[in-house]
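This is what each chain is made of:
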Amino acid sequence: MASVEKREQAMEEQGGAAVLGWAARDNTGVLSPYNFSRRVPRDDDVTIKVLYCGICHTDLHIIRNDWGNANYPVVPGHEIVGVVTGVGAGVTRFKPGDTVGVGYFVGSCRSCDSCGKGNENFCAGVVLTSNGVDHAHGGASTKGGFSDVIVVNEHYVLRVPDGLPLDRTAPLLCAGVTVYSPMMRHGLNEPGKHLGVVGLGGLGHVAVKFGKAFGMKVTVISTSPSKREEALDRLGADAFLVSRDPEQMKAATGTMDGIIDTVSAWHPITPLLALLKPLGQMVVVGVPNKPLELPVYAIVPGGKGVAGSLVGSVGDCQAMLEFAGKHGIGADVEVIKMDYVNTAIERLEKNDVRYRFVIDVAGSLGSAA
């Protein structure tokens, strides 16, 4: 009986505005136009017209059901920038016309220890922006920013500072906070410290920008010698290490205060740990499909640490946006129209983008359908 009531509640909740999006219907991951309804806004909800939405590797994994949790049809997208078009009677922080963002999640229990400490991203009941289970609204499956409108509780809506280019801001809502949050937590934000950034992709290039804005010495660590010029001349890194070059790696042994590892493919981490000073910290934010190998001798003698981190809290994300606004930081993006999205997904799988695809949703969604 309870499940029937939940289904009825979910159907009632979704009786709001008609929305156009693009969705995957099966594990081929092919996206095509999809009409659906958003939920009826509540008093604490903000209705947002989506302007831009970034494409993340997570979107690729979900639409192809790589993690076995896809609830089709899946409308991807969790790097959303838009403009407020309506607010509920209880909303106090936003008004129509405000430029806002929505990141990786749109709900949490708000009563557990993690939520109480402002770490909603670690809540066991976190509600993902796309392909999540929205327990507060009848268990409906959430549908993300590859759509023209989204309705979000105001607690999970972010204010975008004036002056930030909106297309370049969208990826900051996932890629940006994913590196900013652990840098702040582990003290990798202090001028003069030496930061290693492993991988120069969607996450890595933003980590370089944040590291330099913090006043750190930044070394990019990559398997690709061809990325040297990009890292040093365009992104402003101080040094570049080819991780497959034993001599270069040996010369850099024990020189780094911290490392942000952004690589999502399997790779050996023992050589990376050797780059850390005693008591140095490596933070893993990439998610390889195969387990990484961690011999104890790589961390015990030097008292080194290995931590993981998942995006960031609402507070982290807002602080990151303010910092980006102050320092003029945005992701390097390739803006595309919605009808190019399947090609973009194929290119993303081959890492053929510098460094993030962003869909011009407002400028192309209607014509693409």
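Keep in mind the model is a prediction, meaning the values are calculated, not measured.

Overview of the UniProt feature "domain: Enoyl reductase (ER)" (unreviewed entry) in the protein
- Under the UniProt annotation, the feature "domain: Enoyl reductase (ER)" (unreviewed entry) is placed at residues 29-359.
- Helix and strand shares over residues 29-359 are 23% and 26% respectively, and the end C-alpha atoms of the span are 17 Å apart.

Quick look at the packing of aromatic side chains
- Using the criterion set out here, one finds 7 aromatic pairs in the structure.
- Connected via pairs of aromatic rings, a cluster forms that spans Tyr180, Phe210, Phe214 and Phe323.

Observations concerning the sheet that holds strand β16 (residues 276-284)
- Ordered in space as β14-β13-β12-β15-β16-β17, the 6 strands form an open sheet in which the pairing is parallel. Edge positions in the sheet fall to β14 (239-242) and β17 (305-308), since each of these pairs with one other strand and no more. Each strand of the sheet is rotated relative to its neighbour by a mean of 20°, with strand direction disregarded.
- Packed onto the sheet, helix α5 (residues 175-185) meets β12 (194-198), β15 (256-261), β16 and β17 and runs at close to 150° relative to β15.
- Lying on the sheet, helix α6 (residues 204-213) is in contact with β12 and β13 (217-222); it crosses β12 at an angle near 170°.

So, the side chain of arginine 347
- By secondary structure assignment, the location of arginine 347 is in helix α11 (residues 341-349).
- In this structure the side chain of arginine 347 is engaged in a polar contact, spanning 2.9 Å, whose partner is the side chain of glutamate 334.
- Apart from the residues within four sequence positions on either side, arginine 347 is in contact with Glu334, Tyr340, Asp352, Val353 and Phe357.

A short note on the domain arrangement of the protein
- Entries for the protein in the domain assignment read domain 1 (1-174 + 331-366) and domain 2 (175-308).
- If you average the C-alpha positions of domain 1 and of domain 2, the two centres end up 30 Å apart.
- Tallying the contact residues gives 13 residues for domain 1 and 15 residues for domain 2.
- Buried area between domain 1 and domain 2, both sides added, is near 1,100 Å², and the carbon and sulfur share of it is 46%.
- The three residues of domain 1 that bury the most area against domain 2 are Cys174, Asp332 and Tyr355, which together make up 47% of that side's buried surface.
- In this structure, the connection of domain 1 to domain 2 is made through 3 salt bridges.
- The tally of links between domain 1 and domain 2 comes to 12 residue pairs in polar contact (both at pLDDT 80 or more).
- Within the side of domain 1 that touches domain 2, the residues separate by chemical class into 8 nonpolar, no polar and 5 charged.

Re the pairing of β17
- Burial of β17 is one-sided: the residues Gly305 and Ala307 facing one way are buried, the residues Val306 and Gly308 facing the other way are not.
- Where β16 and β17 come together, 4 bridges link them in parallel fashion. In the strand pairing of β17, methionine 282 is matched with valine 306.

Points about the pattern of salt bridges
- Within this structure, the stated rule accounts for 17 salt bridges.
- A salt bridge links aspartate 113 to lysine 117, with the shortest nitrogen-to-oxygen separation between them at 3.3 Å. Each member of the pair, aspartate 113 as well as lysine 117, carries the same accessibility label: exposed.
- Measuring nitrogen to oxygen at the nearest pair gives 2.9 Å for the salt bridge that ties arginine 347 to glutamate 334. One end of the pair, arginine 347, is in helix α11; the other, glutamate 334, is in strand β18 (residues 333-336), with 13 residues separating them in the sequence.
- A relative accessible area of 17% places arginine 347 in the buried class.
- Overall, the relative accessible area of 26% leaves glutamate 334 in the partly exposed class.

Remarks on helix α10 (residues 314-327)
- For α10, built from 14 residues, the straight-helix expectation of 20 Å at 1.5 Å per residue is met to within 8% by its first-to-last C-alpha distance of 20 Å.
- Turning to α10, its buried residues number three or more, namely Val314, Cys317, Gln318, Met320, Leu321, Phe323 and Ala324.
- Check the buried side of α10 and you find it contacts β6 (105-107), β11 (158-159), α4 (166-169), α5 and α6.
- Looking one or two residues beyond α10, the residue adopting positive phi is glycine 328, at roughly 65°.

Describing the packing of α5 against α10
- Between α5 and α10, the shortest axis-to-axis distance is 9 Å and the interhelical angle comes to 100°. Judged by the angle between their axes, α5 and α10 are roughly perpendicular. Along its contact with α5, which presents Gly176, Val177, Tyr180 and Ser181, the element α10 presents Asp316, Cys317, Ala319, Met320 and Phe323.
- When grouped by side-chain class, the residues that make up the contact of α5 with α10 number 6 nonpolar, 2 polar and 1 charged.

Some thoughts on the environment of threonine 28
- Relative to the assigned elements, threonine 28 resides in the loop between β1 (18-24) and β2 (31-37).
- Residues threonine 28 and glycine 325, spaced 297 residues apart in sequence, show a C-alpha to C-alpha distance of 38 Å.
- Side-chain polar atoms of threonine 28 contact the side chain of aspartate 26, separated by 2.5 Å.

Definitions and limits used
Every chain's residues receive numbers from 1 upward, in the order its sequence appears when written. Residue-level local features of this predicted model are given only where pLDDT is at least 70; pairs of side-chain atoms are given and counted only at 80 or more, and the full residue set underlies all totals for whole chains, interfaces and linings. Heavy atoms from the whole structure form the basis of all side-chain values; hydrogens and water molecules are not counted. UniProt positions are given in the numbering used here, feature names are shortened, and annotations may be inferred rather than shown by experiment. Helix and strand labels come from DSSP, where a helix needs a run of H or I of at least four residues and a strand needs a run of E of at least two; each type is numbered from the N terminus. Stacked, edge-to-face and tilted are the three classes for Phe, Tyr and Trp ring pairs, Trp counted by its six-membered ring, which pair at centre distances within 6.5 Å; planes under 30 degrees apart are stacked, over 60 edge-to-face, the rest tilted. Strands are treated as partners if at least two bridges between them are detected by DSSP. Comment: axis = line fitted to C-alpha atoms, over the contacting stretch for helices; angle = value between 0 and 180 degrees taken between N-to-C directions. Every residue pair with non-hydrogen atoms within 4.5 Å of one another is taken to be in contact. Whenever two N or O atoms come within 3.5 Å, that pair is a polar contact, provided that in protein one can donate a hydrogen and the other can accept it, and provided that, for residues adjacent in sequence, both atoms are side-chain atoms. For every domain, the bounds stem from an assignment made automatically or drawn from a database. The term buried area denotes the loss of accessible surface (1.4 Å probe radius) that occurs when two parts are joined, taken as the sum for both partners. The term salt bridge refers to a side-chain nitrogen of Lys or Arg lying within 4 Å of a carboxyl oxygen of Asp or Glu. Classification used: nonpolar for Ala, Val, Leu, Ile, Met, Phe, Trp, Tyr, Cys and Pro, charged for Asp, Glu, Lys and Arg, polar for all others including Gly. Each residue gets one of three labels from its accessible area relative to the maximum for its type: buried under 20%, exposed over 50%, partly exposed in between, using a 1.4 Å probe on protein chains only. Multiplying one less than the number of residues by 1.5 Å gives the expected span of a helix. Orientation is classified from the angle alone, with under 35 degrees giving roughly parallel, over 145 giving roughly antiparallel, 65 to 115 giving roughly perpendicular, and any other angle giving oblique.

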